[in-house]
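A structural walkthrough
Residues per chain are reported as follows:
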Amino acid sequence: MSLFGLYIHWPFCKSRCPYCDYNAHVRERVDVAAFGEALLQDMRYWAGRHNPGKLTSIFFGGGTPSLMPPELAAELIIEAKKLWGFADNIEITLEANPTSSEAKNFSALRDAGVNRLSMGIQALDDQYLKFLGRSHSATEAKEAIKLAAKYFDRYSFDIIYARPDQTLNHWRKELEEILTLMRDHLSLYQLSVEPQTAFATIYARGDFQLPSDDHAAALYDYTLNRLARENFAAYEVSNFARNNDECRHNMVYWQYYDYIGIGPGAHGRISGNARKTATNNHKTPEAWLSAVQKNGNGLQGEEMLDQKIIAKEMILMNLRLLQGLDATRFRQVVGADMMQFIDNKNFEFLRAQDFIKFDGKILSATATGRNCLNELAAKLIA
Ligand code: SF4
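Residues numbered from 1 in each chain as written. Predicted model: local features only at pLDDT ≥ 70, side-chain atom pairs only at ≥ 80, totals over all residues. Heavy atoms only, no water.

Since one α-helical turn is 3.6 residues long, residues separated by three or four positions face the same way. Along helix H11 (residues 285-295), the positions that sit buried rather than exposed are Pro285, Trp288, Leu289, Ala291 and Val292. In a view along the axis of H11, the buried residues occupy a sector of 160 degrees, so they form one face of it. Turned more than 90 degrees off the buried face of H11, the exposed positions are Gln293 and Lys294. Looking at the packing, one finds that the buried side of H11 touches helix H1 (32-49) and strand S11 (275-281). Positive backbone phi, at 85 degrees, marks Gly296, one or two positions downstream of H11. (Buried < 20%, exposed > 50% of the residue type's maximum accessible area, 1.4 Å probe, protein only. Helix = DSSP H or I, 4+ residues; strand = E, 2+ residues; numbered from the N terminus. Arc of directions from axis to C-beta. Contact = heavy atoms within 4.5 Å.)

Along the polypeptide, Ala138 turns up in helix H6 (residues 138-151). For Ala138 and Asp125, which are 13 residues apart along the polypeptide, the C-alpha to C-alpha distance reads 5.7 Å.

Our focus in this paragraph is the pairing of strand S10 (residues 267-272). Bridge analysis of S10 against S11 gives six bridges, and the strand direction is antiparallel. Opposite Arg269, over in S11, you have Ala278 as the bridge partner. The turn joining S10 and S11, which pair antiparallel and follow one another in sequence, is formed by two residues; a positive phi near 50 degrees is taken by Asn273. (Pairing = 2+ DSSP bridges.)

As a structural note, the neighbourhood of the ligand is formed by Cys13, Ser15, Arg16, Cys17, Tyr19, Cys20, Tyr22, Ala24, Gly63, Thr64, Asn97 and Arg134. Its residues placed into classes, the shell around the ligand shows six nonpolar, four polar and two charged. (Near = heavy atom within 4 Å. Nonpolar A, V, L, I, M, F, W, Y, C, P; charged D, E, K, R; others polar.)

When the domains of the protein are assigned, the result is domain 1 (4-252) and domain 2 (324-380). The centre of domain 1, based on its C-alpha atoms, is set 30 Å off from the matching centre of domain 2. (Domains from an automatic or database assignment.)

By size, the foremost hydrophobic cluster in this structure holds 70 residues, and its most contacted members are Leu6, Ile58, Phe60, Trp84, Phe106, Met119 and Phe157. Here the element with the most residues in this core is H1; it accounts for eight residues. Residues Tyr256, Leu319, Ala327 and Leu350 belong to the second largest nonpolar core, which totals 28 residues. (Core = buried A, V, L, I, M, F, W, Y, C linked by side-chain atoms within 4.5 Å.)

Once that is clear, we can look at the pairing of strand S9 (residues 258-262). The element S9 is largely enclosed, with a buried count of five among its five residues. By the alternation rule, side chains of S9 split into Asp258, Ile260 and Ile262 and Tyr259 and Gly261, which are all buried. Pairing analysis gives five bridges linking strand S1 (residues 4-10) to S9, with the strands arranged parallel. Its bridge partner lying in S9, Tyr7 is registered against Gly261.

This is the structure in structure tokens:
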């Protein structure tokens, strides 16, 4: 089945989390009416330019889209349906933070048309939540998850693991509690220190240390095995699902289908003339807003990708998936055989060392390979 997604970026947050390098902005006041109108305009521009079929998914990301009034989410969903149409069973996800003020909007968001909630829980431990600069408590997080379970058939939450001084024993207990709260999907990210973040400054000062690679790998392996006992598969490096509850919108990215990005800093990938075009919008909310008001769209730049870049992106993204890369689809998208873009010598070595598998149809990373995906891809791609 062919996928086609729409990403909508709401860039505002109540405060800046010290680990975060997303396109998130804190503002005293947000002109919701102006940003809402601009999102609708950006959407209309893209519908006029790229209309390959019905949408299979919409993803409201941020920033914190749960700060967006539910009426605006409803307006955007209605407009998207009018412009592109919705495939049966369209997935409409919204990222939400679990503070009590945001959780009280969950039922209105469901009524607006959102049918999947993805919550930024990050930890179920108050001390770690404080360290991560989150504005919710563990109690609020648990209450929000229960509310999500009440209003949504499909919900997921993000957890950050491999935190400073996190022992296997501590993680075991927390994971058991997570298991009582999750339904069929979980996103699990290893804590990392990204450049230009508050954590980068205090980490450089020596205020905290990250666990060793071995300890982080032990935490991940434990999680993998524990979740497997509950029938969860790591269908992507950081994402676990059972009962076919994979996030369809993220599959658009990983399987290299077309998607449109609207809102500040949003990216897109669109096909046409046997090529892919990468698009990117102005990053700051103000620059994007004034571009939409002036030009009718928020585009900052676009680039027609050459065949080699398309091949590289497609291999990189698909190797993240347990199901791997389908060589036939690769040929359809790239217009050439996958092996043309693979370093033959390294391919044989990585296969012999059990980092990758290839049966002539599907290329995939083994569990060992997925532990070092970036290094693996760098060696594999010619
Ligand atoms: S709430 Fe999310 S997007 Fe906003 S600063 Fe924190 S991690 Fe970043």
